[in-house]
Every structure is written in structure tokens, then in C-alpha cells.
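# Architecture and fold: a report
Here is how the chains run, residue by residue.
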Number of protein chains: 2
Amino acid sequence: MDSNQIPDIVVERLPLYLQTLQRLLKEGQETTSSKDLGNRIGISAAQIRKDLSHFGGFGKQGTGYSIKYLIEKLEDILNVNQVWDIALVGVGFLGHAIANFDGFQNHGFKIAYIFDNDPGKIGTKIGNHEILDSKKMKEIIKKNKIRVVMITVDAEHAQDVANHAVEAGVDAILNYAPVKLMVPESVQVQNIDPILKLQHMTYYLR
Amino acid sequence: MDSNQIPDIVVERLPLYLQTLQRLLKEGQETTSSKDLGNRIGISAAQIRKDLSHFGGFGKQGTGYSIKYLIEKLEDILNVNQVWDIALVGVGFLGHAIANFDGFQNHGFKIAYIFDNDPGKIGTKIGNHEILDSKKMKEIIKKNKIRVVMITVDAEHAQDVANHAVEAGVDAILNYAPVKLMVPESVQVQNIDPILKLQHMTYYLR
């Protein structure tokens, strides 16, 4: 199936379905319905059925979805039936928190390399990870065919880091710096910025 | 103007416009055009003009926008021409990083109260903030009319924290826990979850 055929807004919802199914499984549930799943997520059952129908369905009329089976299918679709090595660039408070977060592995990701340009940090460790010199980033990304980078440097340096990462062959960037990154069209970028989310909400507070 | 008239997808873009304008101002620019702004954000000039026209425009044909003026207007619209006190609940690695982040103040927010339920943490300090007992959260939120809460506890406890916050009068929640919160319709919720963003991108990686 050509991935270009699926609207991105549908793709965006799939990880949420996967997350919710994993939670249901953890709670001991074995099957679910699009209605049950929809109630958990705040999306209509019709929307869920329509989204999943892009990939061929997976439910049986009347018996609903096998949670384990649907999890497997969604992991295949999202390419997280494997573990992606991630390079994390920037070890401030946030980079430190992310490096210590233990929730990536079970969801298809592993922080594999950590970089910073501060001589006081290079060579020190966070957990099992030695902080590496940013100067070596390009070489290490290339050599290890890293495709996913997290940028947790400040706004002023984020574009530089992105440029180097893209030159090294990265094609997915999770950007925590409060700046819009310019990258080639073939490179995925997602942004995480609490201030944008907070201001979105305060619009509605009178 | 009735805020219900503006599509939420437009509201969502306004903080991004504000952020970009603030960056332009910092770089010494005094005026901008919808084309210039659009190039910076990766949105068409027509879309920006259309979004801003919901609020009456603000640009003059041919001379573009005064950046300072547009920043003021957007701050008014987003209600960030004031500083919102935030209660942060949960001091793990992430809560700690957020408590130490100094970028909120200039954008309309201040971490004012920090809560945790760990006796080993309660009473200790992060910067100037004493970590308070979660048991006192409801009372303190109520007393100080806090309307915005950040939840950085784990998935299992997030809904409980949200319930208490809502009962105390909070009407905006920024949720970092990987779980969908159930709240009354009058309460705003925004979620931040790096795993959902990463899986969204790996879909496109073949």
C-alpha cells in the first residue's frame, strides 16, 4: 500500500489507538470494540472504524477487535515492531530528563547516543550513556545509520543541529526547541513546545 | 467577539505566529509581511491573512504588519498579556526539568506551586520553590484561584490528579502523562507525549 494514500490526520491518530490498546491489554482486557476504544479516546466509533479501514479493517462484525492482534498490526503499520536508535542532542534539564526516561524502549525507541558541546559535560554519564562531543555527532549518526534525532538544545542552536543531522542522513526529528526548523521535504519534523499548548488553552480562559 | 466563532485550528496557529514574531523582533526586525511570516513558519501567506482576518486584520496593504503591534494584539487575543500562575504536579525527572525551565515567564506563565506525594521530596526545594504535599493541592489551588495545571505524574495517577484539579476549579490542564484524561467539557486539555510524535514519524520511515 502506498503510504501517501493515507491522510496524515489519520496517521496521527494511530499512535493514540496503539497507546490506548496497550493500556487496555495491561488492564487485562482481551477484546475491544470501536465504541469502547472511542470512549477511551474521545473519538467516535465511526471515525475509528473509518481510520482502520484504510489498512483493511481488523475487526469482525459483532465480536470486535482482538486487542493483541490489533496492537501487532498497528505496530507493523507504524514501524515500531523494531527498536529505533535515537540520538539525543543537548543535555540541559530537559535533555537530562529525556535521557533518564525509561518509557521509550517498549514503544519502539531507545536513546542510543547523547551529545552535548559543553566540555564540562562531555565524557560524563547519564545512566549507562556517556555524553559524547557534538563535534562527533555527524560521524556517529552516519556510521550507525541513525535515522531519528531528538533536539533539546536552545532555539539559537537548533537549526544548526538539524542541518548537521540531516546531512548525516537523519530523516525524522523530534524538536523541543521553540523554533520552526527548515529541513528538506523528505525529512519528518515534529515539535513539542509546552508554551504553544498553554497559549492555545488560555485563549479560551476568560 | 464570541470566541466560539473562531475555528480551533485557527486558534492553534496563533501561538506559533506569536512565537515567530517574537523571534523576528529579537532579531531586530520591525515590520513583516504575511509572506515573510509564512516562509518562517511553513504556512501560506493567504492562510495567515485569513487567520488574522478573524480578529480584524492588523496589516496595512503594502506596508505589512508592525511586529510590535501584532505581538501586542496576539498577546491580548491569547490572554497572555498577563502572567498565569501554574501548579505543577509530579516531580520526577520531567517535572524537575519543567520546574527549572526559565522560558515560561516571558510568555505569560509562571510555575507558582509544585506538588508531589513523595515524603522524601516534600519540603525540599527546586530553585526557589518548595515542593508541597499533593494532599494540599486542592486547597491551595482553590485558595489561590489557580486555573492552569501541568500534570507530570505517571499514567496511573494522572486521572486522579486531574479529578482533584478540576474539583478545585482548574480549567486548563497540560498533561504529560501518556493517558487520555476524562474531564468536563468546560475544561481544556492539551497533551504532550513524545512517543506519539515519534510513532507518527516512523510511519513514514521505510
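Residues numbered from 1 in each chain as written. Chains lettered and ligands numbered in written order. Predicted model: local features only at pLDDT ≥ 70, side-chain atom pairs only at ≥ 80, totals over all residues. Heavy atoms only, no water.

Let us look at the overall build of chain A. Helix and strand counts for chain A come out as eight helices and nine strands. Viewed in the frame of its principal axes, chain A has a C-alpha envelope of about 60 × 45 × 35 Å. Put simply, of all contacts in chain A between residues at least 6 apart along the chain, 54% involve residues at least 24 apart. Element-wise, carbon and sulfur atoms account for 48% of the exposed surface of chain A, whose accessible area totals about 10100 Å². Computed over 23 positive and 24 negative side-chain charges, the separation of the two mean positions in chain A equals 5 Å. (Helix = DSSP H or I, 4+ residues; strand = E, 2+ residues; numbered from the N terminus. Contact = heavy atoms within 4.5 Å. Areas by Shrake-Rupley, 256 points an atom, 1.4 Å probe, with all protein chains shown as cover. Lys, Arg positive; Asp, Glu negative; His and termini not counted. Charge placed at Lys NZ, Arg CZ, Asp CG, Glu CD.)

By a simple turn and slide, chain B fits onto chain A: the slide is 0.0 Å along the axis, the RMSD is 0.0 Å, and the turn is 180°. On this basis, the relationship between the two copies can be described by a two-fold rotation axis. Of the residues that chain B buries at the interface, 100% are likewise interface residues in chain A, meaning the two copies contact each other through the same surface. (Least-squares fit on C-alpha atoms with pLDDT ≥ 70 in both.)

A word on the pairing of strand E9 (residues 188-191) of chain B. All names here are of chain B. Where burial is concerned, the two faces of E9 differ: the one with Gln188 and Gln190 is buried and the one with Val189 and Asn191 is not. Where strand E8 (residues 172-175) and E9 come together, four bridges link them in parallel fashion. Bridge pairing links Leu174 to Gln190 in E9. (Buried < 20%, exposed > 50% of the residue type's maximum accessible area, 1.4 Å probe, protein only. Pairing = 2+ DSSP bridges.)

Grouped together as the largest cluster of nonpolar side chains are 91 residues, with contacts concentrated most on Leu52, Met150 and Leu198 of chain A together with Leu52, Met150 and Leu198 of chain B. Beyond its immediate stretch of four places on either side in the chain, Met150 of chain A contacts Ile86, Ala87, Leu88, Val89, Ile98, Phe104, Ile111, Leu174 and Tyr176 of chain A together with Leu198 of chain B. Val89, Ile140, Ile146 and Val153 of chain B belong to the second largest nonpolar core, which has 23 residues in total. (Core = buried A, V, L, I, M, F, W, Y, C linked by side-chain atoms within 4.5 Å.)

Residue and element names in this part refer to chain B. Two elements in contact, helix H1 (residues 8-26) and helix H2 (residues 34-41), have axes separated by 10 Å at closest approach and are oriented at 105°. Taken together, the axes of H1 and H2 are roughly perpendicular relative to one another. Only Leu37, Arg40 and Ile41 of H2 make contact with H1, whose side of the interface consists of Leu16, Tyr17, Thr20, Leu21, Arg23 and Leu24. Considered class by class, the residues forming the contact of H1 with H2 number six nonpolar, one polar and two charged. (Axes fitted to C-alpha atoms, helices over the stretch in contact; angles between N-to-C directions. Parallel < 35°, antiparallel > 145°, perpendicular 65-115°, else oblique. Nonpolar A, V, L, I, M, F, W, Y, C, P; charged D, E, K, R; others polar.)

Axes are the key here: two packed helices are described by the angle between their axes and the distance separating the axes. Residues and elements named next belong to chain A. Here helix H1 (residues 8-26) crosses helix H4 (residues 67-77) at 145°, and the two axes come no closer than 10 Å. Our pair here, H1 against H4, has a crossing hand that is left-handed. Seen from H1, the contacting residues are Leu14, Tyr17, Leu18, Leu21, Gln22, Leu24 and Leu25; seen from H4, they are Ile67, Lys68, Leu70, Ile71, Leu74, Glu75 and Ile77. (Left-handed = near helix turned anticlockwise from the far one by under 90°.)

We now examine the environment of Ile48 of chain B. Residues and elements named next belong to chain B. Along the polypeptide, Ile48 turns up in helix H3 (residues 45-53). For Ile48, a relative accessible area of 0% gives the class buried. Residues Ile48 and Val10, 38 residues apart in the sequence, show an inter-C-alpha distance of 9.3 Å. Excluding anything up to four places from it in sequence, Ile48 contacts Tyr17, Ser34, Leu37, Gly38 and Ile43.

As a further point, take the packing of aromatic side chains. Two numbers describe a pair of aromatic rings. These are the distance of the centres and the angle of the planes. A complete count under the given rule lists five aromatic pairs over all chains for this structure. Between Tyr203 of chain A and Tyr204 of chain A the ring centres are 4.9 Å apart and the planes differ by 85°, which places this aromatic pair in the edge-to-face class. Centre to centre, the rings of Phe101 of chain B and Phe104 of chain B are 4.8 Å apart; their planes meet at 90°, and the pair counts as edge-to-face. Relative accessible area serves as the criterion here: at 3%, Phe104 of chain B is assigned to the buried category. The structure contains a cluster of three or more aromatic residues connected by ring pairs, namely Phe55 of chain A together with Tyr203 and Tyr204 of chain B. (Phe/Tyr/Trp six-rings, centres within 6.5 Å; stacked < 30°, edge-to-face > 60°.)

Once that is clear, we can look at the sheet that holds strand E3 (residues 84-89) of chain A. All names here are of chain A. The strand order across the open sheet formed by seven strands is E5-E6-E4-E3-E7-E8-E9, and the pairing between neighbours is mixed. Edge strands, defined here as strands with exactly one partner in the open sheet, are strand E5 (125-126) and strand E9 (188-191). Along the sheet, helix H7 (residues 155-167) makes contact with E3, strand E7 (148-151) and strand E8 (172-175), crossing E7 at roughly 170°.

This part covers the interface of chain B and chain A. With 64 residues of chain B at the contact, the number on the chain A side is 64 residues. For the pair chain B and chain A, the summed buried surface comes to about 6000 Å²; carbon and sulfur atoms form 64% of the total. Applying the counting rule to chain B against chain A returns four salt bridges. One salt bridge connects Glu156 of chain A with Lys26 of chain B, and the closest N-O pair in it is separated by 3.4 Å. The interface formed by chain B and chain A includes 24 residue pairs in polar contact (both at pLDDT 80 or more). (Buried area = accessible area lost by both parts, 1.4 Å probe. Salt bridge = Lys/Arg side-chain N within 4 Å of Asp/Glu carboxyl O. Polar contact = N/O pair within 3.5 Å; in protein donor to acceptor, adjacent residues only side chain to side chain.)

All names here are of chain A. For Asn79, which is not glycine, the phi dihedral falls at a positive 60°. When you line up the elements, Asn79 lands in the loop between H4 and E3. In this structure, Lys145 takes a positive phi of about 50° despite not being glycine. With respect to the helices and strands, Lys145 occurs in the loop between helix H6 (137-143) and E7. Classification of Lys145 by relative accessible area gives exposed; the value is 69%.

A few words on H2 of chain B. All names here are of chain B. Restricting attention to buried positions, one finds in H2 the residues Ser34, Leu37, Gly38 and Ile41. Buried positions in H2, seen along its axis, are confined to an arc of 100° and lie on one side of it. Opposite the packed face of H2, turned more than 90 degrees from it, sit the exposed residues Lys35 and Asn39. Where H2 is buried, its residues meet H1, strand E1 (31-32), H3 and strand E2 (65-66). (Arc of directions from axis to C-beta.)

Such coordinate-based values are descriptive only and should not be taken to indicate function.
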